[in-house]
Each structure stands twice: as structure tokens, then as C-alpha cells.
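Below, each chain spelled out in residue letters.
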Amino acid sequence: MVAVAGDSGSADAASPVLGYAARPPRHDGSSRVDAFSYLSVLISLILGLAITQVLGGIRGLMQSRSRLVGYWPAVTWAILVVVISVQSWWSMYGLRHYEPWAFVGFAAVLSQTVVLYLLAALILPDFVGDAAVDLRQHYYGQRRWFFALLVVLILASIGKQLALQGTLPPPADLAFHAAFAALGLSGVLIGRPRYHELLAIAGTFLIGAYIALLFARLD
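This is a predicted model, so every value here is computed, not measured. The written sequence of each chain sets the order in which its residues are numbered from 1. Where local features are concerned, this predicted model is filtered to residues with pLDDT of at least 70; where side-chain atom pairs are given and counted, the filter is 80 or more; whole-chain, interface and lining totals use all residues. The side-chain figures draw on all heavy atoms in the structure; neither hydrogens nor water molecules are used.

The next thing to look at is a nonpolar patch on the surface. Patch membership requires more than 30% relative accessible area and the absence of a salt bridge. Residues of like charge join within 9 Å; the nonpolar side chains Val, Leu, Ile, Met, Phe, Trp and Tyr join within 5 Å. All accessible-area figures derive from a Shrake-Rupley calculation using a 1.4 Å probe, and residue coverage is judged against the displayed protein chains alone. Should a side-chain nitrogen of Lys or Arg be within 4 Å of a carboxyl oxygen of Asp or Glu, the pair is scored as a salt bridge. Residues Trp72, Leu198, Ile201 and Phe205 make up a contiguous nonpolar surface patch of about 450 Å² in total accessible area. Working definition: helices are DSSP H or I runs of at least four residues, strands are E runs of at least two. Numbering for both runs from the N terminus. Ranked by residues supplied to the nonpolar patch, first place goes to helix 7 (residues 193-214) with three residues. Considering the arrangement of structural elements, one finds isoleucine 201 in helix 7.

Right, let's talk about the packing of aromatic side chains for a bit. Note on aromatic pairs: the rings of Phe, Tyr and Trp (six-membered ring only in Trp) are paired at centre separations within 6.5 Å, and the planes decide the class, stacked below 30 degrees, edge-to-face beyond 60, tilted for the rest. Scanning all chains against the criterion turns up eleven aromatic pairs. For the ring pair tryptophan 77 and phenylalanine 146, a centre distance of 5.8 Å and an interplane angle of 70° mean the geometry is edge-to-face. Residue tryptophan 77 is located in helix 3 (residues 72-91), and its partner phenylalanine 146 is located in helix 5 (residues 135-165); the two are separated by 69 residues in the primary sequence. Ring centres 5.1 Å apart and planes at 90° place the aromatic pair phenylalanine 146 and phenylalanine 147 in the edge-to-face group. As far as burial versus exposure is concerned, phenylalanine 146 and phenylalanine 147 are alike and both buried. Members of the aromatic cluster, joined through ring pairs, are Tyr71, Trp77, Tyr139, Tyr140, Phe146 and Phe147. Relative accessibility thresholds used throughout: buried, under 20% of the residue-type maximum; exposed, over 50%; partly exposed, between the two (1.4 Å probe, protein chains only).

Here, axes are lines fitted to C-alpha atoms. For helices the fit covers the stretch in contact, and angles between N-to-C directions go from 0 to 180 degrees. Relative to each other, helix 3 and helix 5 sit at 30°, their axes nearing to 10 Å. The crossing of helix 3 and helix 5 is left-handed. The segment helix 3 lies against helix 5, with Pro73, Ala74, Val75, Trp77, Val81 and Ile84 engaging Leu135, Tyr139, Phe146, Phe147, Leu150 and Leu153. Under the scheme applied, nonpolar residues are Ala, Val, Leu, Ile, Met, Phe, Trp, Tyr, Cys and Pro; charged residues are Asp, Glu, Lys and Arg; polar residues are all the others, including Gly. Of the residues contributing to the contact of helix 3 with helix 5, the split by class is twelve nonpolar, no polar and no charged. Here is the rule for handedness: rotate from the far helix to the near one, and if that takes an anticlockwise turn smaller than a right angle the crossing is left-handed, while a clockwise turn gives right-handed. The contact definition used throughout considers only heavy atoms, calling two residues in contact when any of these lie within 4.5 Å.

Moving on: the pattern of salt bridges. Evaluation of the coordinates by the stated rule reveals one salt bridge. Put simply, arginine 194 and glutamate 197 hold a salt bridge, and the shortest N to O gap is 3.4 Å. With arginine 194 and glutamate 197 both in helix 7 and three residues apart, the pair spans about one turn of that helix.

Mapped onto the elements of the fold, isoleucine 43 is located in helix 2 (residues 35-63). Using a relative accessible area of 5% as the deciding quantity, one classes isoleucine 43 as buried. Distance in space between the C-alpha atoms of isoleucine 43 and tryptophan 89 is 8.1 Å, their sequence separation being 46 residues.

With that settled, consider unusual backbone geometry. Look at the link from glutamate 99 to proline 100: it is a cis peptide, with omega at 0°. Along the chain, the position of proline 100 falls in the loop between helix 3 and helix 4 (103-123).

A few words now on the packing of helix 3 against helix 4. At a minimum axis distance of 10 Å, the contact between helix 3 and helix 4 shows a crossing angle of 160°. In this view, helix 3 runs roughly antiparallel relative to helix 4, as classed from their interaxial angle. Considering how the two elements wind past one another, helix 3 and helix 4 form a crossing that is left-handed. Residues Ala74, Trp77, Ala78, Val81, Ile84, Ser85 and Ser88 of helix 3 lie in contact with helix 4, whose contacting residues are Gln112, Leu116, Leu119, Ala120 and Ile123. Its residues assigned to classes, the contact of helix 3 with helix 4 shows nine nonpolar, three polar and no charged. These descriptions rest on fixed angle ranges, namely under 35 degrees for roughly parallel, over 145 for roughly antiparallel, 65 to 115 for roughly perpendicular, and the rest for oblique.

Here's what the structure looks like:
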């Protein structure tokens, strides 16, 4: 709130509020914040938290290595969650010219980043106390939730395209979405350790191909 003086002349001389003086609005457009810049702050924050969550888990692995029972598919998927988070942030640049923004469209974009954060929160355990940490046990304890969320992530990505553009993703992009969804669904339904080792390798190649073919350059 800004105190209103008794006449228009004294309003300009009013004391600053919250440490800054009131200034007349500018009409050249230079002080405007475009919608994408404004909305991307929250998106970037959640993606940053997802990356921080995984990196914190990797830090815990390094510090607890003397009491750690390792399992490489869990570490592989942790790294892939970071890569997916970075790729999502990278691809968001394509929305810079989108307008007009509506709440439904923004909620669709935001839902994708929220699911990514949940994936990041599940893939590695919390490191509390001095108890042994069994990555294999944690992985299979969270397996169904993790891969179910991977399927939800794909659906959220398709839903984002529908909400913003009213269309499905382009054919090549949609094919990768279908492959990711099949991979996630198989991870939910199949619990055999050897299969999940192959799944981690397949996920690595699939995500690498997806970025190399569709998101190698910032457009």
C-alpha cells in the first residue's frame, strides 16, 4: 500500500514504501515482463528441485559408500532423471513465443515438472543415521511407483501438447512417447532383476536417441 496525500502534487513526494520510491509507469514497454519469463520461474524452480533431489541422493551414496549395497540400475535411472529434467528445461525454450497463456495450459506444463520431481524423490533412498543402505532393496520397493510415474510423465507431456496446441506431438516425437510409455509400463508389470538391468540400458539409449534426434539444438 502507498499512502495517498491530500493533493496530487504531494503524492510524488510521499515517503518510499518497502524501500523504493513510487515511479510513474513507463510506456515504452521496457519494464514489462513477458508471460513466459514470469511463468518459467516456477517451472525452473521445480525442475531445479528435482535435480537437487537426485544430486543430494548421489552425494549421500558417496558419503555412505562404506555401508552401501550398490545396484547400478538404480544409479543409472537416477542419472537419467537428471538428464530428463535438463531436457525438459531445455525444451521449454520452445514455449517462449506461445500466447495467449491460460491457467489450464500452464497447469498442464507444471504437471509435467511436478511428476519429474516425484520421480527424483523416489529413485534414491534417504540417508538417515548409520544403517546400511541397500540400493537394490530400495529400487524394487519403489519400482511400481517409479515406473508408473514414468508413464504418467509421458501422459502429462502429451496432455501439455494437447492443452497448448490442441494437437498430438509430431509423429517422431509421438513415437518416442509411445516407446517411453511401453518401457515404463513394462517396468511396472515385470519385476525380474535381469529385465530391469536391460531396462536401464534401453532407457539410456532411448533417452540419448530422443535428445540427439529431436533436441540437439536450442530452437
